[in-house]
Amino acid sequence: NHHQQRQSGSAPEPNPLGSQSLSTRKELYERDFPVYKQPVEVGSFSLDGERRFFNDARQMRYYEEPERSPNFDLRDGYKDRFIKRDDSVKEKLDHILRWIIANRTKCSSSATTASSRALDADFVTWRGHLTKLLTTPYETREGWLLAATMFRGTLYISEVETEASRRDRENRTARHEEMMYWGYKFEQYTCADEVHSLPDPSGVVNTNEAFCTVVQTRLADHRLLFSGEVDCRDKDPNAPAAPACYVELKTSAEICTPKQRSNFHRFKLLKWWAQSFLPGVPRVIAGFRDHEGVVVSLETFHISKISHLIKNEFNCWKPTVCMNFCCDFLSFAKHVVTEDNPSVVYLFTWEPHRDVTYSIHRDSPYSFLPRWYIEEMTS
Ligand code: 0WD
Ligand code: CA
């Protein structure tokens, strides 16, 4: 179990302070596993079918184990029972910021309002942005842009869509568009709205709806506050407290050959592990589907067992490399971001096979902390 209190290694810093860039070479991050405190859920929120924010768990769903071997048709309801979120709308950190305002007492530092630090966290971000950091040393295809702003002592990190990812989004094939629906349809087959009700596959799939957990944890000396979308929870009332009762649902192509198994271990399990390890979600339930979008089998992956599962894979990814790189990126960001000013953005840029670099932008379109948040937190 990697959620432990262990001392970090004493290997030399791969990127001495003062450096203008950060290497992503995996060899540099093969040190002892850093301290990663067990994440604690400090709250949750919901987004409804129209993407409206609610400071409660109304969108929480309950996992229902299928009675027999599944035969879920993931194409059912596409497109006549599908309401798709508009993914050209960039919400940045807005929902998290709304949650912070609604729960200020839960996240204020003990040193009252006189302190220049408004929050009890060094970093505020989405879990998905941290997942991208964790997988960076192994990523060979997609780069990223992360905007960072320091406001009252806390670093806010929000993703900026890259040109390449915008092009991909605008040029998706019809097949790809449909396959993006399959994951949500799988959730509908396996999740119930109420603890004593059953899933209703005859309903509409609306991807505006979301239930998000907000967790607090610490990676080495970085205190983190982040939110992530959670698919559902164990319906057993005796299940452990959140986030340990949460279940992540995934779909994946059926594995038929050793090559497919190896790719699944090397690439997909890395993403699944990183995403769920961060908020302390203990298991992923995968629906394996054929090319026609029919789920033919289910398999549970325990996050704490994934690193053992992959050990037989040649040249495979290592959790310690992921966590040490993330940790060093956060140190690098703390070192670079010096001006406490919501209208200044430090834009961190990474492309595969390159180092992480940054540029500074004052009063630019990259600024992402909304005026309503700044005003609320200054008063
Ligand atoms: O505006 C943006 N650039 C982003 C907004 C980028 C990433 C996330 N978000 C927001 C949205 O408000 C969303 O509700 O984040 C929420 C999800 O955050 P997360 O948990 O940090 O994201 P991630 O771990 O990447 O994805 C979790 C799930 C995905 O499930 P799968 O099983 O496919 O990993 O959230 C969904 C998706 O179902 N999802 C999104 N939902 C709305 N907007 C987005 C997105 N941009 N990305 C993934
Ligand atoms: Ca999912």
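**Student:** Sorry, what's going on with the coordination of the calcium ion (ligand 2) here?
**Tutor:** Octahedral metal centres with six donors ideally show angles of 90 or 180 degrees, and tetrahedral centres with four donors ideally show 109.5 degrees. Ligation of the calcium ion (ligand 2) by protein atoms is provided by Asp231 (OD), Glu248 (OE) and Leu249 (O), these donors lying 2.3 to 2.5 Å from the ion. Mapped onto the sequence, the donors of the calcium ion (ligand 2) take the spacing D-x16-E-L. Linking Asp231 in the loop between β12 (222-229) and β13 (232-234) with Glu248 in strand β14 (residues 246-253), this pair joins segments that are 17 residues apart in sequence. Taking the relative accessible area as the measure of exposure, Asp231 reaches 6% and is therefore buried.

**Student:** Just to check I follow, could you spell out the pairing of strand β18 (residues 357-362) for this structure?
**Tutor:** Regular strands show a simple pattern: their side chains alternate between the two faces of the sheet. Here strand β17 (residues 344-350) runs beside β18; their pairing, made up of six bridges, is antiparallel. Considered in β18, the bridge of Tyr346 is made with Ile360. Linkage of β17 to β18, two consecutive antiparallel strands, is achieved through a turn of six residues, within which His353 is found at a positive phi near 70°.

**Student:** Explain the packing of helix α3 (residues 127-135) against helix α6 (residues 258-277) to me, please; I cannot follow it from the model alone.
**Tutor:** The description of two helices packed together rests on the angle between their axes and the distance between the axes. At a minimum axis distance of 9 Å, the contact between α3 and α6 shows a crossing angle of 135°. The orientation of α3 with respect to α6, classified from their angle, is oblique. Crossing handedness for the pair α3 and α6: right-handed. Every residue of α6 that contacts α3 at Arg127, Thr131, Leu134 and Thr135 is listed here: Leu270, Lys271, Trp273, Ala274 and Gln275. A per-class count over the contact of α3 with α6 returns four nonpolar, three polar and two charged.

**Student:** Help me out: how do you make sense of the confidence of the model for the protein in this one?
**Tutor:** Caution applies to low-pLDDT regions: their predicted coordinates should not be interpreted in detail. Taken over all residues, the pLDDT of the protein has a mean of 94, while the share at 70 or more is 93%. Taken together, the stretch residues 4-13 has pLDDT below 50 and engages in 13 contacts with residues farther than four places along the chain or on a different chain.

**Student:** When you look at the sheet that holds strand β16 (residues 294-302) in this model, what are you seeing that I'm missing?
**Tutor:** Two pairing modes exist for strands in a sheet, parallel and antiparallel, and in both the strands are linked by backbone hydrogen bonds. Spatial strand order, β4-β16-β15-β14-β13-β3-β9: seven strands in an open sheet with mixed pairing. In the strand order of this sheet, the two ends are held by β4 (72-73) and β9 (191-192), each with one partner. Sheet analysis places strand β15 (residues 283-289) next to β16, joined by seven bridges and oriented antiparallel. Its bridge partner lying in β16, Phe288 is registered against Ser297.

**Student:** Please explain the side chain of Ser227 as it appears in this structure.
**Tutor:** Along the chain, Ser227 turns up in strand β12. Looking at Ser227, the relative accessible area reads 0%, which means it is buried. A polar contact is formed between the side chain of Ser227 and the backbone oxygen of Thr213, at a distance of 2.9 Å.

**Student:** Hey, could you run me through the site of ligand 1 in this one?
**Tutor:** Around ligand 1 there are 18 residues in total, and Arg51, Arg127, Gly128, Glu229 and Lys250 lie nearest to it. One nitrogen or oxygen atom from the side chain of Arg51 is found 2.7 Å from an oxygen atom belonging to ligand 1. At 3.1 Å from an oxygen atom of ligand 1 is found a side-chain nitrogen or oxygen belonging to Glu91. In isolation ligand 1 offers 750 Å² of accessible surface; the protein chains occlude 77% of this area. Of all the elements in the fold, those that place two or more residues in the shell around ligand 1 are α3, β12 and β14. Here the residues of the shell around ligand 1 are counted per class, giving three nonpolar, six polar and nine charged.

**Student:** Explain the pairing of strand β8 (residues 154-160) here, please?
**Tutor:** For β8, the buried fraction is high: six of the seven residues fall into the buried class. Pairing between strand β6 (residues 123-126) and β8: two bridges, direction parallel. Across the sheet, the residue bridging to Val124 is Tyr156, located in β8. As judged from the seven bridges shared by strand β7 (residues 144-151) and β8, these two strands associate in the antiparallel manner. Bridge pairing links Phe151 to Thr154 in β8. The antiparallel hairpin formed by β7 and β8 contains two residues in its connecting segment, where Arg152 sits at a positive phi of about 50°.

**Student:** Any chance you could explain the packing of aromatic side chains here in plain terms?
**Tutor:** Evaluated as defined, the whole model comprises 27 aromatic pairs. On the basis of an interplanar angle of 35° and a centroid distance of 5.3 Å, the ring pair of Phe45 and Phe53 is categorised as tilted. As far as burial versus exposure is concerned, Phe45 and Phe53 are alike and both buried. Ring centres 5.2 Å apart and planes at 45° place the aromatic pair Tyr78 and Tyr181 in the tilted group. Within this pair, whereas Tyr78 is found in the loop between β4 and β5 (82-83), its partner Tyr181 is found in helix α5 (residues 174-190), the two being separated by 103 residues in sequence. For Tyr181, a relative accessible area of 0% puts it in the buried group. An aromatic cluster is present here, built from Trp144, Phe329, Phe332, Phe348, Trp350 and Tyr358 joined pairwise through their rings. Above the ring of Phe54, the side-chain terminus of Arg58 is found at 3.6 Å from the ring centroid. Of note, Lys185 hangs over the ring of Tyr189, and the distance from its end group to the ring centre comes to 5.3 Å.

**Student:** I tried to follow the sheet that holds strand β11 (residues 210-219) on my own but got confused; where do I start?
**Tutor:** Here we have nine strands laid out as an open sheet, ordered β2-β1-β11-β12-β6-β8-β7-β17-β18, and mixed in their pairing. With one partner strand each, in any of the chains shown, β2 (53-54) and β18 form the two edges of the open sheet. Direction of pairing for β11 relative to β12: antiparallel, over a ladder of eight bridges. Opposite Val215, over in β12, you have Phe226 as the bridge partner. Against the sheet, α3 contacts β6, β7, β8 and β12, and its axis sits at roughly 90° relative to β6.

Cut-offs applied
Residues numbered from 1 in each chain as written. Chains lettered and ligands numbered in written order. Predicted model: local features only at pLDDT ≥ 70, side-chain atom pairs only at ≥ 80, totals over all residues. Heavy atoms only, no water. Donors = N, O, S within 2.8 Å, 3.2 Å for Na, K, Ca; no water. Helix = DSSP H or I, 4+ residues; strand = E, 2+ residues; numbered from the N terminus. Buried < 20%, exposed > 50% of the residue type's maximum accessible area, 1.4 Å probe, protein only. Pairing = 2+ DSSP bridges. Axes fitted to C-alpha atoms, helices over the stretch in contact; angles between N-to-C directions. Parallel < 35°, antiparallel > 145°, perpendicular 65-115°, else oblique. Left-handed = near helix turned anticlockwise from the far one by under 90°. Contact = heavy atoms within 4.5 Å. Nonpolar A, V, L, I, M, F, W, Y, C, P; charged D, E, K, R; others polar. pLDDT = per-residue confidence, 0-100. Polar contact = N/O pair within 3.5 Å; in protein donor to acceptor, adjacent residues only side chain to side chain. Near = heavy atom within 4 Å. Areas by Shrake-Rupley, 256 points an atom, 1.4 Å probe, with all protein chains shown as cover. Phe/Tyr/Trp six-rings, centres within 6.5 Å; stacked < 30°, edge-to-face > 60°. Lys NZ or Arg CZ within 6 Å of the ring centre and 35° of its normal.

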